[in-house]
Amino acid sequence: MSTAPPTTDEAPRPAAPAPGPRGPWAPLRPLVLRLHFYAGLLVAPFLLVAALTGFLYAGAFQAEKLVYAHEMTVPVGDAKLPVSEQVAAARKAHPEGTVTAVRPSPRSDASTRVLLSGVEGVDATHSLAVFVDPYTGEVRGALEQYGSTGALPLRTWIDEFHRDLRLGENGRLYSELAASWLWVIAGGGVALWFSRRRALRKVRGTGGRRRTLGLHGTVGVWAAAGFFFLSATGLTWSQYAGAHIDELRTSLGQSTPAVSSAAGAGEHAGHDAAGGDGGDGEHGVGLDRILAAARAEGLGDPVEIVPPADAGSAYVVRQVQRSWPTKQDAVAVDPATGEVTDVLRFGDFPVLAKLTRWGIDLHTGVLFGLANQIALMGLALALILLIVWGYRMWWQRGRGSAFGRPIPRGAWAQVPPYVMVPLMAVIAVLGYFLPLLGIPLAVFLALDVVLGELAHRRARRTSV
């Protein structure tokens, strides 16, 4: 009479190693296998949500152009109106709130966006974008906008769900947990795949669990570099790990610089600066001269004009092109005189500031446009398939009535001290900088030790 294997993961005491030379990887492989198995099993639901929403977000850029084509595009005319007249047209249609930024039409067929804050019914962290035809001054609509990439409602909804499940700051823990563990799971999978004999990596001509393992490993190895990148860049603006990264960059003098928005110290400073209606974005010499001064400093489209925050502040005009080549130059312009008071060039950014900018833009799909978005959708699809295949392998590990037999214990005991001590030191450092990696790992290890001890005691009582 056959019986199903026990569902407990308590394994017999590991057999003595076979004689012969053994490298440091031999005792580590069972440990990596167990970590890869349990991390994948427990973190996979979070990764699945991140992959699905990431897939949708990458496609949202093109969908946005179709859904909001009426607001975003205009018929090409003969000559564009002055920016001040376009803003006046927007304010006539939407006198509520305050103008916080203006994005002049960057292309011949693109509308101008006038951004308003303090509008009733609009999220305090968002703006109301009023779309104006730059040739006729016609207001083509108004939509809620979020973020520096100008995300409209469709992309904003997907972005917020991807980032925090629309649960606010607490919801961000899910995405940070996924980003913290993605590189660990991917790295473990790569190490396990290359440690297998070449004959066991084949997919063609195989079936059952071996075929699933072959598909899982092959796709995982090819996509691993992309997963490492997504994990690293996702952590740069996460809640806890991101704060540590910011502190590190600041200590190294590699933080992102900002143009000084203080107005000039001339005799007119603080007097004529507020010469217009602050709610309309017109101060001192006005928007048209401010934009002309920025153009004279070489700031080409697309740009964003930010009015002075108070009587002692300057206009800030900055380039907002995140695609390649990146345009992130900025100037401050005195509203009283129209003179440039400060210039910041992207070429002068510290190296880590540039890499952070490019990494985030590549992660969000804007650096290389459509090609970037297609690549991200491919990575997201690969991650979804890997998760499905991973759970299928877990199912296929069962026999008879046993479902998803876990990986046996005993791996830690096989690791020699000269490997374990530095390994624990590395884990401790990573746990500090990546708390949503370190804390769950510590909890898992503690539970593993406790459950192992309980199972060992039960086995001893049964044998007596």
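An account of the accompanying structure is given in this report. What you see is a predicted model; the values in this text were computed from it and never measured. (Residues numbered from 1 in each chain as written. Predicted model: local features only at pLDDT ≥ 70, side-chain atom pairs only at ≥ 80, totals over all residues. Heavy atoms only, no water.)

**A few points about the overall build of the chain**
Then step 1. In terms of helices and strands, the chain carries 13 helices and eight strands.
Then step 2. The proportion of buried residues among the 464 residues of the chain is 45%.
Then step 3. Sequence-distant contacts, at least 24 apart, represent 64% of the contacts inside the chain between residues at least 6 apart.
Then step 4. Carbon together with sulfur atoms contributes 63% to the accessible area of the chain, which is approximately 23,600 Å² in total. (Helix = DSSP H or I, 4+ residues; strand = E, 2+ residues; numbered from the N terminus. Buried < 20%, exposed > 50% of the residue type's maximum accessible area, 1.4 Å probe, protein only. Contact = heavy atoms within 4.5 Å. Areas by Shrake-Rupley, 256 points an atom, 1.4 Å probe, with all protein chains shown as cover.)

**Things to note about helix α5 (residues 172–195)**
Then step 1. A rise of 1.5 Å per residue sets the reference length of α5, with its 24 residues, at 34 Å; its end C-alpha atoms lie 35 Å apart and thus fit the reference within 8%.
Then step 2. Of all the bends found along α5, the most pronounced is centred on Trp181 and spans about 30 degrees. (Expected span 1.5 Å × (residues − 1). Bend = angle between axes of the 7 residues up to and from the residue.)

**Brief notes about the nonpolar core**
Then step 1. If you look at the biggest cluster of nonpolar residues, it comprises 38 residues, and the most contacted ones within it are Leu47, Trp181, Leu182, Ile185, Phe227 and Leu383.
Then step 2. Every element with two or more residues in this core is listed here: α1 (25–67), α5, α6 (208–236), α10 (369–396) and α13 (435–463).
Then step 3. Among the elements that make up this core, the one with the highest residue count is α1 (10 residues).
Then step 4. Discounting chain neighbours no more than four positions away, the residues touching Trp181 are Leu35, Ala39, Val43, Leu436, Leu437, Pro440 and Leu441.
Then step 5. One finds Val122, Leu128, Ala294 and Ile305 within the second-largest nonpolar core, a separate group that totals 24 residues. (Core = buried A, V, L, I, M, F, W, Y, C linked by side-chain atoms within 4.5 Å.)

**Side note on the packing of aromatic side chains**
Then step 1. Considering all chains together, one arrives at nine aromatic pairs under this definition.
Then step 2. With centroids separated by 5.0 Å and ring planes inclined at 80 degrees, the aromatic side chains of Phe37 and Tyr38 adopt a geometry described as edge-to-face. Take Phe37 and Tyr38: they sit in the same class, and that class is buried.
Then step 3. With 4.9 Å between their ring centres and 55 degrees between their planes, Phe346 and Phe349 make a pair best called tilted.
Then step 4. In this structure Phe349 comes out as buried when scored by relative accessible area, which is 11%.
Then step 5. One aromatic cluster is present, formed by Trp324, Phe346, Phe349, Trp358 and Phe368 through successive ring pairs. (Phe/Tyr/Trp six-rings, centres within 6.5 Å; stacked < 30°, edge-to-face > 60°.)

**Some words on the pattern of salt bridges**
Then step 1. The tally for this structure, following the rule as stated, stands at 13 salt bridges.
Then step 2. As a salt-bridge pair, Glu160 and Arg166 come within 2.7 Å of each other at their nearest N and O atoms.
Then step 3. Using a relative accessible area of 41% as the deciding quantity, one classes Arg166 as partly exposed.
Then step 4. Notably, a salt bridge pairs Asp361 with Arg357, separated by 3.0 Å at the nearest N-O pair. Taken together, the positions of Asp361 and Arg357, both in helix α9 (residues 351–364) and four residues apart, correspond to about one turn of that helix. There is no split in this pair, since Asp361 and Arg357 are both buried.
Then step 5. A single network of salt bridges, built from pairs that share partners, joins Arg103, Glu304 and Arg318. (Salt bridge = Lys/Arg side-chain N within 4 Å of Asp/Glu carboxyl O.)

**A word on the environment of Gln239**
Then step 1. Within the element layout of this structure, Gln239 appears in the loop between α6 and α7 (241–251).
Then step 2. Sequence-wise, Gln239 and Arg172 are 67 residues apart; in three dimensions their C-alpha atoms are separated by 7.0 Å.
Then step 3. In this view, Gln239 contacts Glu169, Arg172, Leu173 and Glu176; residues no more than four positions away in its chain are not counted.

**Quick word on the pairing of strand β6 (residues 315–319)**
Then step 1. Within β6, four of the five residues are buried, which leaves the element mostly enclosed by the surrounding structure.
Then step 2. Here strand β5 (residues 303–306) pairs with β6 via four bridges, running antiparallel. Of the residues in β6, the one forming a bridge with Ile305 is Val317.
Then step 3. Here β6 runs beside strand β7 (residues 330–333); their pairing, made up of four bridges, is antiparallel. Opposite Val316, over in β7, you have Ala332 as the bridge partner. (Pairing = 2+ DSSP bridges.)

**What about the side chain of Asp329?**
Then step 1. Assignment of secondary structure puts Asp329 in the loop between β6 and β7.
Then step 2. A distance of 3.3 Å separates the side chain of Asp329 from the side chain of Arg345, its partner in a polar contact. (Polar contact = N/O pair within 3.5 Å; in protein donor to acceptor, adjacent residues only side chain to side chain.)

**Remarks on the environment of Ala314**
Then step 1. Within the element layout of this structure, Ala314 appears in the loop between β5 and β6.
Then step 2. According to the relative accessible area criterion, Ala314 is buried, its value standing at 3%.
Then step 3. For Ala314, the residues in contact, after removing those within four places along its chain, are Ser261, Ala262, Ala263, Val306, Pro308, Ala332, Val333, Asp334, Pro335 and Thr341.

**As for the packing of α6 against α9**
Then step 1. At a minimum axis distance of 9 Å, the contact between α6 and α9 shows a crossing angle of 115 degrees. Classified by the interaxial angle, the pair formed by α6 and α9 is roughly perpendicular. Crossing of α6 over α9 shows left-handed handedness. Where α6 approaches α9, its residues Phe229, Leu230, Thr233, Gly234 and Thr236 are matched on the opposing element by Gly359, Ile360, Leu362 and His363. (Axes fitted to C-alpha atoms, helices over the stretch in contact; angles between N-to-C directions. Parallel < 35°, antiparallel > 145°, perpendicular 65-115°, else oblique. Left-handed = near helix turned anticlockwise from the far one by under 90°.)

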